[in-house]
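As a plain string of letters, each chain reads:
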Amino acid sequence: MISRIHGKLIRITDQFALIENGGVSYEVMLPSGLAERLKDSGKVGETISLDTIYYIEAGEKRSNFYPKLVGFTDPVDREFFSLFTQVQGVGVRRALKSLIIPIKEIATAIETKDAGKLSTLPGVGGRLAEKIIAELHGKTAKFALSKVDEPLAKDRSHERTSFEDDALEILMQLQYNRLEAQKMIESALNLNKEIDSAEELISFIFKSEMKAMPIKKRA
């Protein structure tokens, strides 16, 4: 298990950091808020340390599995994230998107059984909020005492993400006009809010287009 990585920050995007250690470059997924703060800090090219969570992610067809790393600059954030993702139905990908308010506020909502507050988090509806409270109540009090006011994730509900721009460019290269491409992207994201990369978005649009095609009858 890889619980910490130390090396040179080669690249930082909205979703991951590329860290070089001993001639090997590791792609470490990051919560979007943390990624933005690292970008703004100007640490590219410098040596940094990240506390990490190592997990195995299933591929689209559940037949392939890929090792992944999620990184944090604060071990307390790592501990809370690890606890939060133990709730069935949350998962790493959903947690990376949902933690748009400070951890102390999420922990306070859990300890005070405020399901309404939790249900406002992206990807967390009323049923999952109740489940989070049922499984984590009594386990998050120390996180509610945190003095950190910065959320791990950035609220992107009102802005177009970089991967949407990438998908838009791909579709326009395939001779779709901008309006057509934007409608296809919007439709796909409304149907599947878990999409978080241009590759997934294009794949989902392709499958949707295939389903919409009329089935040819045999002669």
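Since the structure is predicted, the reported quantities are computational estimates derived from the model, not experimental observations.

**Considerations on the overall build of the protein**
Next, step 1: Along the backbone of the protein there are 10 helices and 5 strands.
Next, step 2: Its C-alpha atoms put the protein at 70 × 45 × 35 Å along the principal axes.
Next, step 3: Within the protein, the fraction of its 219 residues that count as buried is 37%.
Next, step 4: Sequence-distant contacts in the protein: of pairs separated by 6 or more residues, those separated by 24 or more amount to 55%.
Next, step 5: Surface summary for the protein: the accessible area is close to 13,200 Å², and the carbon and sulfur share equals 52%.
Next, step 6: Both charge centroids of the protein, one from 32 positive and one from 32 negative side chains, sit 6 Å from each other.

**Observations regarding the pattern of salt bridges**
Next, step 1: Enumeration over the complete set of coordinates arrives at 8 salt bridges.
Next, step 2: Among the ionic pairs, Glu 150 bridges to Arg 37, the shortest N-O distance being 3.6 Å. Of this pair, Glu 150 sits in the loop between α7 (141-144) and α8 (162-173) while Arg 37 sits in helix α1 (residues 32-41), and the two are 113 residues apart along the sequence.
Next, step 3: The shortest N-O distance in the salt bridge between Lys 117 and Glu 105 comes to 3.5 Å. Of this pair, Lys 117 sits in helix α5 (residues 115-118) while Glu 105 is found in helix α4 (residues 103-111), placing the two residues 12 residues apart along the sequence.
Next, step 4: Under the relative-accessibility criterion, Lys 117 is labelled partly exposed at 32%.
Next, step 5: According to the relative accessible area criterion, Glu 105 is partly exposed, its value standing at 32%.

**Quick look at helix α2 (residues 75-84)**
Next, step 1: Where α2 is concerned, the buried positions are Asp 77, Arg 78, Phe 80, Phe 81, Leu 83 and Phe 84.
Next, step 2: Looking at the buried residues of α2, the elements they touch are β4 (47-58), β5 (65-72), α3 (91-98), α4, α6 (126-136) and α7.
Next, step 3: Here α2 starts with a cap whose side-chain oxygen sits 2.8 Å from the backbone nitrogen of Val 76, and that cap is Asp 74.

**Points about the pairing of strand β3 (residues 24-29)**
Next, step 1: As judged from the 6 bridges shared by strand β2 (residues 16-21) and β3, these two strands associate in the antiparallel manner. In the sheet register, Ala 17 faces β3, and the bridge partner there is Val 28.

**Remarks on the packing of aromatic side chains**
Next, step 1: Counting across every chain of the model gives 3 aromatic pairs.
Next, step 2: When the centroid spacing of 5.1 Å and the interplanar angle of 55° are considered together, the rings of Phe 72 and Phe 81 count as tilted.
Next, step 3: Residue classification places Phe 72 among the buried positions, given a relative accessible area of 0%.
Next, step 4: With a relative accessible area of 1%, Phe 81 lands in the buried category.

**Here we look at the side chain of Thr 140**
Next, step 1: Structurally, the position occupied by Thr 140 is in the loop between α6 and α7.
Next, step 2: Judged by its relative accessible area of 0%, Thr 140 falls in the buried class.
Next, step 3: Residue contacts for Thr 140: discarding those within four places in its chain leaves Phe 80, Leu 83, Ala 107, Ile 110 and Glu 111.

**Some thoughts on empty space enclosed by the protein**
Next, step 1: On inspection of all chains with the given rule, the structure shows 1 cavity of 30 Å³ or more.
Next, step 2: The volume enclosed by the largest cavity comes to roughly 70 Å³.
Next, step 3: Along the walls of the largest cavity sit Asp 74, Val 76, Asp 77, Pro 102, Ile 103, Lys 104, Ser 146, Val 148, Glu 150 and Leu 152, which together make up its complete lining.
Next, step 4: Put simply, the parts of the chain that give the lining of the largest cavity at least two residues each are α2 and α4.
Next, step 5: Here the lining of the largest cavity is built from residues that sort into 5 nonpolar, 1 polar and 4 charged.

**Some points on a negative patch on the surface**
Next, step 1: On the surface, a cluster of negative charge is made up of Asp 166, Glu 169, Glu 199 and Glu 200.
Next, step 2: At the level of elements, α8 and α10 (198-212) are the ones that each hand at least two residues to the negative patch.
Next, step 3: Inspection of the secondary structure assignment puts Glu 199 in helix α10.
Next, step 4: On the basis of relative accessibility, which here comes to 62%, the residue Glu 199 falls in the exposed class.

Conventions adopted
By convention here, each chain's residues receive numbers from 1 onward along its written sequence. Where local features are concerned, this predicted model is filtered to residues with pLDDT of at least 70; where side-chain atom pairs are given and counted, the filter is 80 or more; whole-chain, interface and lining totals use all residues. Hydrogen atoms and water are omitted, and side-chain values are computed over all heavy atoms in the structure. Put simply, DSSP H or I for four residues or longer makes a helix, DSSP E for two residues or longer makes a strand, and each gets a number counted from the N terminus. Note on classification: 1.4 Å probe, protein chains only; a residue is buried when its accessible area is under 20% of the maximum for its type, exposed when over 50%, partly exposed between these limits. Residue contacts follow a heavy-atom distance rule, with two residues in contact if any of their heavy atoms lie within 4.5 Å. Residue exposure ignores everything except the shown protein chains as possible cover, and the areas themselves are Shrake-Rupley values with a 1.4 Å probe. For the charge count, each Lys or Arg is scored as positive and each Asp or Glu as negative, with His and the chain ends excluded. To locate a charge, take NZ of a lysine, CZ of an arginine, CG of an aspartate or CD of a glutamate. Salt bridge criterion: a side-chain nitrogen from Lys or Arg within 4 Å of a carboxyl oxygen from Asp or Glu. In the analysis that follows, any N or O atom pair within 3.5 Å is treated as a polar contact, provided that within protein one partner can donate a hydrogen and the other can accept it, and provided that, for residues neighboring in sequence, both atoms belong to side chains. Note: two strands are recorded as paired if DSSP finds a minimum of 2 bridges between them. Centre distance within 6.5 Å is the pairing criterion for rings of Phe, Tyr and Trp, where only the six-membered ring of Trp is used; planes under 30 degrees apart are then read as stacked, over 60 as edge-to-face, and the remainder as tilted. Here a cavity denotes a set of grid points, spaced 1 Å apart and computed over the protein atoms alone, in which a 1.4 Å probe fits but from which it cannot get out, and a pocket denotes an open set meeting protein on both sides within 12 Å along at least five of seven lines; residues with an atom within 4 Å of a point are reported as lining. Grid points are joined across faces, edges and corners, and a volume is the space filled by probe spheres set on the points. Following the grouping adopted for this structure description, the nonpolar residues are Ala, Val, Leu, Ile, Met, Phe, Trp, Tyr, Cys and Pro, the charged ones are Asp, Glu, Lys and Arg, and the polar ones are all others, Gly among them. Patch rule: a residue counts if its relative accessible area is over 30% and it has no salt bridge; like charges are joined within 9 Å, and nonpolar side chains (Val, Leu, Ile, Met, Phe, Trp, Tyr) within 5 Å.

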